[in-house]
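# Structural features, examined
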Amino acid sequence: MKKTWKAKLLPYLFLTPTFIFLAIFSYYAIGNAIYTSFTDSAFGQTSHWIGLENYIAAFHDEMFLTSFRNQLIITVAAVFTSVFFPLLAAELLFFIKHKRIANIIKTAFVIPMLVPQIVVILIWKFLYNPNFGFNSILKLLHIENLSHNWLNDQGTALLSIVLIGFPFISSMYFLIIHTGLNMIGEELYEAAIVDGATQWDVVRNIHVPNLTPYIKIVVTLSLIQSLSGFGLVAATTNGGPGFATTIPALQMYKVAFGDGKFGRASAMGVILFVVIIILTLLSRKTMKEED
């Protein structure tokens with residue numbers, strides 16, 4: 001029996017509220033930011049159309065350009081750690097045959113998901129405190145000559161930011177990869193056993209090729225999270241010392257709410273948005289070609 005046009009239209013009517021909220025809170029915000037980036041909008045002033053001046057100023061802003069260099073280092077490290085360490089943990093868990101032990105370990109990896117990220121950041125900030133944390137441990141080990149003001153030294157501040165979160169086993173990324181392992185058919189393992197495959201052969205020839213779609217998801221999510229987030233840097237160094245840990249999202253925030261230059265900040269936001277889109281598409285295209 002053919003569906004009437006009303007029956008066909010009904011599912012779209014249920015989706016209408018979602019589309020309305022998306023249009024108001026997402027697409028309108030993006031469109032307004034793009035428009036504002038072409039104006040001299042500032043706090044307490046009437047805005048005027050100025051064309052590409054904000055974009056030209058952004059590319060001549062030393063701090064903004066430095067922030068992209070810092071962001072590149074943080075992003076490369078974030079993507080690598082987001083894939084390698086959760087994959088390693090999932091693989092080690094896969095080869096544990098005792099189900100109860102495996103479930104306990106899996107639960108231990110997932111529990112950190114319940115802890116707010118800001119709590120984790122503040123714990124690491126305490127550990128980096130020159131009067132406590134790591135320096136106290138170094139003193140107990142009688143190697144206090146290695147003590148350092150980790151977050152307040154231009155030579156170590158960015159590396160200290162990158163190392164926050166060690167051992168880098170994100171609960172979400174671990175679950176994504178672990179789910180991918182569980183989706184691989186048993187017949188592949190049975191065939192590998194018959195052929196005398198070692199555990200390394202299983203990882204290399206069965207796991208990695210079949211986990212590619214899940215690794216793509218992890219790479220995309222870690223790229224977006226690293227490029228768009230600034231909470232980690234804001235809560236630890238606020239971009240200092242100097243420009244050592246400044247990233248684009250934090251610089252955009254400071255220009256908007258510190259200097260009150262909304263047009264300039266919007267231009268920075270649009271540039272960052274375009275960079276995120278390009279890097280995401282390039283990463284997905286690269287992985288697709290490798291397939």
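Residues numbered from 1 in each chain as written. Predicted model: local features only at pLDDT ≥ 70, side-chain atom pairs only at ≥ 80, totals over all residues. Heavy atoms only, no water.

Looking now at the nonpolar core. One finds Ile-177, Ile-206, Leu-211, Val-218 and Val-219 to be the most contacted residues of the largest nonpolar core, which totals 26 residues. Of all the secondary structure elements, the ones that give two or more residues to this core are helix H3 (62–94), helix H8 (171–182), helix H9 (186–194), helix H10 (199–228) and helix H13 (262–290). Among the elements that make up this core, the one with the highest residue count is H10 (8 residues). Contacts of Ile-177, omitting those with residues within four sequence positions, involve Val-83, Pro-86, Leu-87, Ala-90, Leu-211 and Val-218. (Core = buried A, V, L, I, M, F, W, Y, C linked by side-chain atoms within 4.5 Å. Buried < 20%, exposed > 50% of the residue type's maximum accessible area, 1.4 Å probe, protein only. Helix = DSSP H or I, 4+ residues; strand = E, 2+ residues; numbered from the N terminus. Contact = heavy atoms within 4.5 Å.)

Attention shifts here to unusual backbone geometry. Note the cis peptide between Phe-166 and Pro-167, where omega equals 15°. Structurally, Pro-167 is set in the loop between helix H7 (157–163) and H8. Gly-240 connects to Pro-241 through a cis peptide bond whose omega is -10°. By the secondary structure assignment, Pro-241 is in the loop between helix H11 (231–236) and helix H12 (248–257). The backbone of Phe-168 shows a phi angle near 65°, a positive value even though the residue is not glycine.

The next point concerns the side chain of Thr-280. Mapping Thr-280 onto the fold places it in helix H13. Residue Thr-280 is classed as buried on the basis of its relative accessible area, which comes to 12%. At a separation of 2.7 Å, a polar atom in the side chain of Thr-280 contacts the main-chain carbonyl oxygen of Ile-276. In this structure, Thr-280 is in contact with Thr-220, Leu-223 and Ile-224, ignoring residues within four places of it in sequence. (Polar contact = N/O pair within 3.5 Å; in protein donor to acceptor, adjacent residues only side chain to side chain.)

Moving on, we get to the environment of Ile-30. Structurally, Ile-30 can be placed in helix H1 (residues 5–36). Accessibility expressed as a relative area gives 37% for Ile-30, which makes it partly exposed.

Compared with an ideal rise of 1.5 Å per residue, which puts 12 residues at 16 Å, H8 spans 16 Å between its outermost C-alpha atoms and is within 8% of the ideal. For H8, the set of buried residues is Ser-171, Tyr-173, Phe-174, Ile-176, Ile-177, His-178, Gly-180 and Leu-181. On its buried face, H8 sits against H3, helix H4 (99–110), H9 and H10. (Expected span 1.5 Å × (residues − 1).)

The next subject is the environment of Ser-160. Within the fold, Ser-160 resides in helix H7. A residue is classified by how much of its surface remains accessible, and Ser-160, at 3% relative accessible area, is buried. Between the C-alpha atom of Ser-160 and that of Gln-225, which follows or precedes it by 65 residues, the distance is 18 Å. In contact with Ser-160, other than residues within four places in its own chain, are Tyr-128, Trp-150 and Leu-151.

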